[in-house]
Every structure is written in structure tokens, then in C-alpha cells.
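Now for the letters of each chain:
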Amino acid sequence: MATRTTTAASGAVLEQKQALRSRVRRNLKALDPIQRKQQDEAVQKLVLEAPWFKSSTSLCAYISCEGLREVDTSKIISSILHKPDSACNMQIPKTLYVPRVEDKESNMKLLHITSVSELIGNSMNILEPTPLDNTGHQREDVMQADKPVDLLLLPGLAFDRSGRRLGRGGGYYDRFIKTYLELAGKRGWQPPLSVALAYSTQILDEAIPVSALDVPVDAIVSPSGVISVSSIALERM
């Protein structure tokens, strides 16, 4: 009986998520291109000027996809990959890892890149790092790195003000974050600050339905500002 009840509850959550995804996708599609560009600029400016971003030394970030209507990260990525070339440039050098989907079973690697030229379009026209670097060696996987990442910049379809995140249904980021947090715990590392980037229409006042597999974010950056949710965010932001 308990199993049947659990299954029914899981099915109800799934239906609620699907309905919410459809609604948010419609809202994103209706977003005026000029307004969307303004929001892209505002979100990236907030990130680039934030002390928690400037002080980060190793981070994971998504490469935005126009087709998915994700908040643009091009300026953020360019800033991270820019090599300081003068004493006047005070940016702390950063190590960057970006996603590469491995299969349809929610497995995703985050691999080290040093230039946007190391990215190629996959079957869905989403830019990903090549498996090998320019020297023919395997790219460093963040899971094999000898130092922790301190920041995760995450996409999503919708978020509520408690930090619950609605993804696109693949489970890739939830699985990655859980695995990385387990690794950090085993190595005695401080968990990274997870920050989602969102358009205004993606911030919901209602609670997003979640399952045991869903991982909340620590904070959300929207054009209106930063919503700090977790104790980690309140300490570091």
C-alpha cells in the first residue's frame, strides 16, 4: 500500500512539473526580444560585479543556448577566460569547467576549457567542450580535479523564492550536483555556492513541486537582483 501511495504521489508531482514547464515555456516564448536582451545584460552585470564572483577561483558554468531561451552567459564566460595582461587588471584568475552531456541517462561531465574555440555544437546545437584538448589529451574532469570549485552558475526553467529549481526534465544538473557534493564531503571541501540565473518570468511566487531527486539552489540572480536562499548564500554573498 505504501509503495502504491508513493508511486501515485510521484506521478502527481511529475504531472504538476510538466504543466508548469509548459506554462513557463509559453511565457519565455512571449518575452519581447528587446526586453530579453536587457534582462540578459542586467543579470550578467550583477554577476560580474558581485564580490562572490570576483573572488571565485574555480567554477562551473553553463554555456547558454539561444534555442532553450536560457539567460545569456557569453559575457560571463568571456570574462572568466580573459587572461589578465596588466597590473591594472585585478581579476583573480579562474579555472572554468563547462558541461558535456555523456548520454541520455542524466550523465554529464563538466570539463575544463581555456577558450571558447574549444566548444563545438552537439546534436541539439548546444555548445560543449570537445573530449580532448588541443594537445590530444583528455580534458580535466571537475570530478578528478585536485582542488574544489567554489561556485556553480546554473540554468533552469523556473525557480521559486525558496530556491526550488525546475529543470527541463533530464535530471543532469541534479545528478551532477548531488555527486559533486558527495565528493566534496568525502574530501573535506567546502561545498560550492550554487547560483541560478533567471529571467523575471522564471521567478515564481508559488512553490515548485519537487521530488527527492531535486536539488535546490543557494541563490538566484534575476534582473531585479539577488535572492539569497540558503545559509551558505547568506554567509558568502
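Scroll up to find the structure.
Here's what I pulled together on the structure shown here. What you see is a predicted model, and the numbers here were worked out from it, not measured in a lab.

A few points about helix α5 (residues 172-187)
Alright, step 1. With 16 residues, α5 extends 23 Å between its outermost C-alpha atoms, agreeing within 8% with the 22 Å of an ideal straight helix rising 1.5 Å per residue.
Alright, step 2. Buried within α5 we find Y172, Y173, D174, F176, I177, Y180, L183 and A184.
Alright, step 3. Along its buried surface, α5 packs onto β1 (58-61), β2 (95-101), β3 (108-113), β6 (151-154) and β8 (165-166).
Alright, step 4. Backbone geometry just downstream of α5 places G188 in the positive-phi region, at approximately 75 degrees.

Re the pairing of strand β12 (residues 225-228)
Alright, step 1. Across four bridges, strand β11 (residues 219-222) lies against β12 in antiparallel orientation. If you follow I220 over to β12, its bridge partner there is I227.
Alright, step 2. In textbook terms, the turn of a hairpin is the stretch between consecutive antiparallel strands, and for β11 and β12 this stretch comprises two residues.

Details of the packing of aromatic side chains
Alright, step 1. This model, assessed by the stated rule, comprises one aromatic pair.
Alright, step 2. Sitting over the ring of F53, K94 keeps its end group 4.9 Å from the ring centre.

Comments concerning the pairing of β1
Alright, step 1. Here β1 shows a buried face lined by S58 and C60 and a second buried face lined by L59 and A61.
Alright, step 2. Relative to β2, β1 runs parallel, the two being bridged by three bridges. From the neighbouring strand, L59 faces β2, where its bridge partner is L96.

Quick word on unusual backbone geometry
Of all residues except glycine, most have a negative phi; of all peptide bonds, most are trans.
Alright, step 1. The backbone of R69 sits at a positive phi, close to 55 degrees, despite the residue not being glycine.
Alright, step 2. Note that R69 resides in the loop between β1 and α4 (74-81).
Alright, step 3. A relative accessible area of 29% means that R69 is categorised as partly exposed.
Alright, step 4. Phi is positive for N125, which is not a glycine, with a value near 65 degrees.
Alright, step 5. Among the structural elements, N125 can be located in the loop between β4 (119-121) and β5 (127-129).

Thresholds, definitions, all that
Residues numbered from 1 in each chain as written. Predicted model: local features only at pLDDT ≥ 70, side-chain atom pairs only at ≥ 80, totals over all residues. Heavy atoms only, no water. Helix = DSSP H or I, 4+ residues; strand = E, 2+ residues; numbered from the N terminus. Expected span 1.5 Å × (residues − 1). Buried < 20%, exposed > 50% of the residue type's maximum accessible area, 1.4 Å probe, protein only. Contact = heavy atoms within 4.5 Å. Pairing = 2+ DSSP bridges. Phe/Tyr/Trp six-rings, centres within 6.5 Å; stacked < 30°, edge-to-face > 60°. Lys NZ or Arg CZ within 6 Å of the ring centre and 35° of its normal.

None of the figures reported here should be taken as evidence of function without further support.
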